[in-house]
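Examination of the molecular architecture
Spelled out, the chains give:
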Amino acid sequence: MNEGFTVFLSRKICGSLYSEPYRHFLSMTGWTNDLKPVVEEFGPEHEFTKLVQDHTNVDPCKAFSYLSGEKGSAFLFYLEQKLGGPEVFEKFLRSFVNNFKFKSITTDDFLEYLKKYFHHQEEALELIDFDHWLHDPGVPRMRPVFDHSMAKACADMRELWLHLDGETIAMISAEDYHSLAPQQKIEFLSLLLTEKSIPHFKLETMSTLYGLRSASNCEIFVNFVRLGIKSRWPPAIGLAVKLVSRQGRLNINRTVYRELAHWKPDIAIQTFQASRQYLHPIVDKLIEDDLALIG
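Residues numbered from 1 in each chain as written. Predicted model: local features only at pLDDT ≥ 70, side-chain atom pairs only at ≥ 80, totals over all residues. Heavy atoms only, no water.

**A closer look at the UniProt feature "binding site: Zn(2+)" (unreviewed entry) in the protein chain**
Mapped onto this numbering, the UniProt entry annotates "binding site: Zn(2+)" (unreviewed entry) at Glu 3. Its place among the elements puts Glu 3 in helix α1 (residues 2-17). Other than its neighbours up to four places away in sequence, Glu 3 contacts Ser 68 and Gly 69. (UniProt positions renumbered as here; feature names shortened; annotations may be inferred. Helix = DSSP H or I, 4+ residues; strand = E, 2+ residues; numbered from the N terminus. Contact = heavy atoms within 4.5 Å.)

So this is what it looks like as structure tokens:
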């Protein structure tokens, strides 16, 4: 729940700075692109897909993933919608933070305070399956109701690129892409990643038209690199090596190394050996384990 609060509150801030639909969009894509894939990777019954996990005799690093942040945030979003909406829940959050600031607490402390604060909504509390959200593995049976308005532009652009051919691709303008918010650009590429592969001529055009080979946003760049690797597009090899050699984020490097190793294991291993001295020890160990399994 600690990571869940971090993700949820950061998106509340984004909602205040930009718009409420943008907060919904961030939460919806987190559910789809981060929560679900982690559950698929571990398995729907795995201990590490629970919010409250048992780490007895387990290296906590092995359990690290996006799941805690995304599942915890989704739980808080769900509670917000069941207990009165954003304004009501924000008052609770302020009270909760002020009450526990400078302290270490457990999930049980959070639940006790929540139920005490919303004691006048006894009927609503009884309809919330707290045990399922906190202790059951996998993707929750229920989820918040998200505003899909910002997602439509991403889906429309995906459909456009999937149906382009050698003639119609010349009529594509960069304007629609550059009018998107950064997170929408990331989502557009994430949607393309659900395809088995993308024809190389489309990747070449997309790269040139949108400037993706030199994208300064790391999340956009990594999704384009992954799309190239999945499609076995030769320029993606150099882009992947550049990416993992210039930064050390676990979630990015581990994913790119894994995917590159399934295509070009020798290059993945050589790149890792050359750059591992700059990585955090935990990142180094987890990638080493991944490459050993693939090799």
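**A closer look at the pattern of salt bridges**
Enumeration over the complete set of coordinates arrives at 20 salt bridges. For the salt bridge of Lys 50 with Glu 47, the shortest nitrogen-to-oxygen distance reads 3.0 Å. The shortest N-O distance in the salt bridge between Glu 259 and Arg 226 comes to 2.8 Å. Of this pair, Glu 259 sits in helix α15 (residues 250-263) while Arg 226 sits in helix α13 (residues 218-230), placing them 33 residues apart in sequence. (Salt bridge = Lys/Arg side-chain N within 4 Å of Asp/Glu carboxyl O.)

**Some words on the packing of α15 against helix α16 (residues 265-275)**
Relative orientation of the contacting elements α15 and α16 amounts to 140 degrees, with a least axis distance of 6 Å. With respect to α16, the element α15 is oriented oblique. Residue-level contacts link Tyr 257, Leu 260, Ala 261 and Trp 263 of α15 to Pro 265, Ile 267, Ala 268, Thr 271, Phe 272 and Ser 275 of α16. Class assignment of the residues belonging to the contact of α15 with α16 gives a composition of 8 nonpolar, 2 polar and no charged. (Axes fitted to C-alpha atoms, helices over the stretch in contact; angles between N-to-C directions. Parallel < 35°, antiparallel > 145°, perpendicular 65-115°, else oblique. Nonpolar A, V, L, I, M, F, W, Y, C, P; charged D, E, K, R; others polar.)

**Considering the packing of aromatic side chains**
Enumeration over the complete set of coordinates arrives at 28 aromatic pairs. Ring centres 6.2 Å apart and planes at 85 degrees place the aromatic pair Phe 75 and Phe 130 in the edge-to-face group. Linking Phe 75 in helix α4 (residues 67-82) with Phe 130 in helix α8 (residues 130-135), this pair joins segments that are 55 residues apart in sequence. Phe 130 matches Phe 75 in its accessibility class, with the two residues each being buried. Taking the centre distance of 6.3 Å and the plane angle of 65 degrees together, the rings of Tyr 177 and Phe 188 count as edge-to-face. Separated by 11 residues along the polypeptide, Tyr 177 in helix α10 (residues 175-178) and Phe 188 in helix α11 (residues 182-192) bring together distant segments of the chain. Under the relative-accessibility criterion, Tyr 177 is labelled buried at 2%. (Phe/Tyr/Trp six-rings, centres within 6.5 Å; stacked < 30°, edge-to-face > 60°. Buried < 20%, exposed > 50% of the residue type's maximum accessible area, 1.4 Å probe, protein only.)

**Side note on empty space enclosed by the protein**
Empty space among the atoms can be located by rolling a probe the size of a water molecule over them. All chains considered together, the criterion is met by 2 cavities of 30 Å³ or more. Around the largest cavity sit Arg 11, Ser 27, Gly 30, Trp 31, Glu 70, Ser 73, Ala 74, Phe 77 and Phe 146, which together line it. Only α2 (20-42) and α4 provide two or more residues apiece to the lining of the largest cavity. For the lining of the largest cavity, the leading source of residues is α4, giving 4 residues. The class makeup of the residues in the lining of the largest cavity is 4 nonpolar, 3 polar and 2 charged. (1 Å grid on protein atoms, 1.4 Å probe; cavity = no way out; pocket = protein on both sides within 12 Å on 5 of 7 lines; lining within 4 Å. Points joined across faces, edges and corners; volume = space filled by probe spheres on them.)

**A word on the layout of surface pockets**
Counted as a void, the second largest pocket has a volume near 310 Å³. Along the walls of the second largest pocket sit 14 residues, with Lys 12, Ser 16, Glu 90, Leu 93 and Arg 94 positioned nearest its centre. Sorting the residues of the lining of the second largest pocket by element identifies α1, α2 and α5 (86-100) as the ones contributing at least two each. The leading source of residues in the lining of the second largest pocket is α5, at 7 residues. Residue composition of the lining of the second largest pocket, by class: 5 nonpolar, 3 polar and 6 charged.

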